[in-house]
Structure formats: C-alpha cells, structure tokens
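Structure at a glance
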Amino acid sequence: MVEPGAALPGRAESMRVPEHHEVLGTPLQGPFPDGVQTAIFGMGCFWGAERIFWEADGVYTTAVGYAGGITPNPTYEEVCSGRTGHSEVVLVAFDSAKTSYQDMLKLFWEGHDPTQGMRQGNDVGTQYRSLLMWNSESQRVAAEASRSAYQQVLSAAGHGTITTEFAETDALHPFYYAEAYHQQYLAKNPGGYCGIGGTGVACPIGIATA
C-alpha cells in the first residue's frame, strides 16, 4: 500500500456521472428514498461486481467507484497506478423492505475469492483487493459475523484465510464515483471483460447479531 506522503494529490472536483442507472433507471446519487440503505464492497474489477448486485432482487441502484484510499476524487488511471490507496468498489443501494444487508453480504462473499490478498484472479494490484466498507454499527457487527461464518465454511472446503479489509465509511474514507463510462459498463458493453469469480463455497446467511 502507498504511504500517505507518497499518495497522489487528487483534486477537489468530484466526478460527473449520469443521473440515472443504465439498467434500473434509478438515480445513481442520493439522497435515496426512505428505507433504502447503502453498502460498499470491493471484489476485484468493479465491472462484473456491479452486475452481480444490479441483477439482485431488492437492489434500488448501483454505482462503481473508489474507496479505502487516500487521494481525493481519483481518476481510474490514478487508482490503477497504485498510488492512491483505493480499491475498485461498488456502491449498492438496497430497499430494506425487499431485501437485507445479510443478502448483500452473501452476494459479496460468494461473488469473489476473499482470500487472495492484493489481487483477484489475474487482476493484480492494491486496487483489486477485497474490501468491505461499513457505515453503521449494525453493519459492522453483521459483516464481522458473516466473515467468521464464511471463514469456517471456506476452511472446511480447503481454502485459505480471508484477507478482506474492513473499514468504516466516513469523512476521512469516503466513496468516490468512478468515471461515467465505467458505470454499468457490462450493460453498455455486453462482451466486455469480466474477471469476477467466486470460490464456489456457499455463504451461510441469517446469522444472529446482537
């Protein structure tokens, strides 16, 4: 990971993105309707990761971007340089009356291999690391419980230790939208690259949390 003093400076201007989702037709940016909660997941290349979520029941909207790093409002090229500290991520806004954070966690864990460290398959670099950003205490508790439960079934299936980075989404670690052409990329380019792939191990859901 890049040291803070060596990170690129970035910029104050935020990225311009389309008003509406290419597939769902819903707004890409909040404020979202009452009952719609958000979650942020890094699963490797964000093109395929985003499609997993926009196809899921109860998801209101999705957007790709960058999180977990240092550089403000980075560009794709800057993130790929490894000098911003960011991971490629998906912002998922879901209707809590139709689905749950537990269901989103299941899609996250099963949608990629969370044991690979700074890579995902053939995609190598800090920007492809597994990352989960929680935005409330209840999300943190649920995420940590799901990690423990999934580690047990992964270990039983012969896989290694989960390397997923956990962090809080806050003013110091915000989500930055990616460029317009990245948003819903595989809907616009059906034959586009998708390197996403899970372990084939199912994740238990419905874990009780305090």
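Each chain carries its own residue numbering, running from 1 in the direction its sequence is written. Predicted model: local features are reported for residues with pLDDT of at least 70 only, side-chain atom pairs are reported and counted for 80 or more only, and whole-chain, interface and lining totals are derived from all residues. Note that water and hydrogens are dropped before the side-chain values are worked out from all heavy atoms of the structure.

1. Description of unusual backbone geometry
As a reminder of what qualifies: Runs of E in the DSSP output that reach at least two residues are strands. Runs of H or I that reach at least four are helices, and both are numbered from the N terminus. A simple rule labels every residue: compare its accessible area, found with a 1.4 Å probe on the protein chains alone, to the largest value its type can have, and call it buried under 20%, exposed over 50%, or partly exposed in between.
A cis amide bond, omega 10 degrees, links Gly30 with the succeeding residue Pro31. Looking at the secondary structure, you find Pro31 in the segment before strand 1 (36-43). With phi around 50 degrees, Asn73 is a residue other than glycine that occupies positive phi space. Relative to the elements of secondary structure, Asn73 occurs in the loop between strand 2 (59-67) and helix 2 (76-80). Judged by relative accessible area, Asn73 falls into the buried class, the value being 13%. In this structure, Gln184 takes a positive phi of about 50 degrees despite not being glycine. Counting through the fold element by element, Gln184 comes out in the loop between strand 8 (176-177) and helix 5 (185-188).

2. Some words on the pairing of strand 6 (residues 130-134)
Along any regular strand, the residues point their side chains to alternate faces of the sheet. To keep things clear, this is the line we draw: When DSSP finds two or more bridges between two strands, those strands count as paired. The path from the first strand over the helix to the second decides the hand: if it runs clockwise while the strands point away from the viewer, the crossover is right-handed.
With five of five residues buried, strand 6 is to be regarded as a mostly interior element. Residues Ser130, Leu132 and Trp134 point to one face of strand 6 and Leu131 and Met133 to the other, with burial holding for every one of them. In this sheet, strand 6 lies alongside strand 1 in antiparallel orientation, the contact comprising four bridges. Bridge pairing in strand 6 links Gly42 to Leu131. The sheet contact formed by strand 6 and strand 7 (residues 165-168) spans four bridges and is parallel. Its bridge partner being in strand 7, Met133 is matched across the sheet by Ala167. Since strand 6 and strand 7 lie parallel, the crossover through helix 4 (residues 137-156) that links them has a hand, and here it is right-handed.

3. What about the sheet that holds strand 8?
Working definition: the strands of a sheet are paired by backbone hydrogen bonds and lie parallel or antiparallel to each other. Counted only if it meets this: Only heavy atoms matter for contacts: two residues are in contact if any of them lie within 4.5 Å across the pair. In this analysis an axis means a line fitted to C-alpha atoms, helices contributing only their contacting stretch, and an angle means the value between N-to-C directions, from 0 to 180 degrees.
Strand order in the open sheet formed by six strands is 7-6-1-3-2-8, and the pairing between neighbours is mixed. In this open sheet, the two edge strands, each paired with only one partner strand, are strand 7 and strand 8. Packed on one face of the sheet, helix 1 (residues 46-54) meets strand 1, strand 2 and strand 3 (87-95) and runs near 160 degrees to strand 2. Running at roughly 10 degrees to strand 1, helix 3 (residues 101-111) makes contact with strand 1, strand 2, strand 3, strand 6 and strand 7 of the sheet.

4. Things to note about the side chain of His21
Put simply, the test is: Under the rule applied, a polar contact is a pair of N or O atoms within 3.5 Å (in protein, one hydrogen donor and one hydrogen acceptor; residues adjacent in sequence only if both atoms are side-chain atoms).
Position of His21 relative to the elements: it lies in the segment before strand 1. On the accessibility criterion, His21 (3% relative accessible area) is buried. Within the local environment of His21, its side chain forms a polar contact with the backbone nitrogen of Leu24, the two atoms lying 3.0 Å apart. If near-sequence neighbours (up to four positions away) are discounted, His21 is found in contact with Thr26, Leu28, Glu50, Trp54, Thr61, Thr62 and Gln184.

5. With respect to the packing of aromatic side chains
Condition: Only centres within 6.5 Å qualify two rings of Phe, Tyr or Trp (six-membered ring in Trp) as a pair; their planes then separate them into stacked at under 30 degrees, edge-to-face at over 60, and tilted for everything else. Counted as over-ring charges are cases with an Arg CZ or a Lys NZ within 6 Å of the ring centre that also lie within 35 degrees of the ring normal.
The final tally for this structure, using the stated rule, is eleven aromatic pairs. Three or more aromatic residues joined by ring pairs form one cluster here, namely Phe41, Phe53, Phe94, Tyr101, Phe108, Trp109 and Tyr150. The ring of Phe166 carries Arg147 above its face, with NZ or CZ at 3.9 Å from the centroid.

6. Looking at the pairing of strand 3
Burial runs high along strand 3: eight of the nine residues are buried. Relative to strand 3, strand 1 is paired through six bridges, and the arrangement is antiparallel. Its bridge partner being in strand 3, Val36 is matched across the sheet by Asp95. Where strand 2 lies against strand 3, eight bridges are found, and the strand directions are antiparallel. Considered in strand 3, the bridge of Ala63 is made with Leu91.

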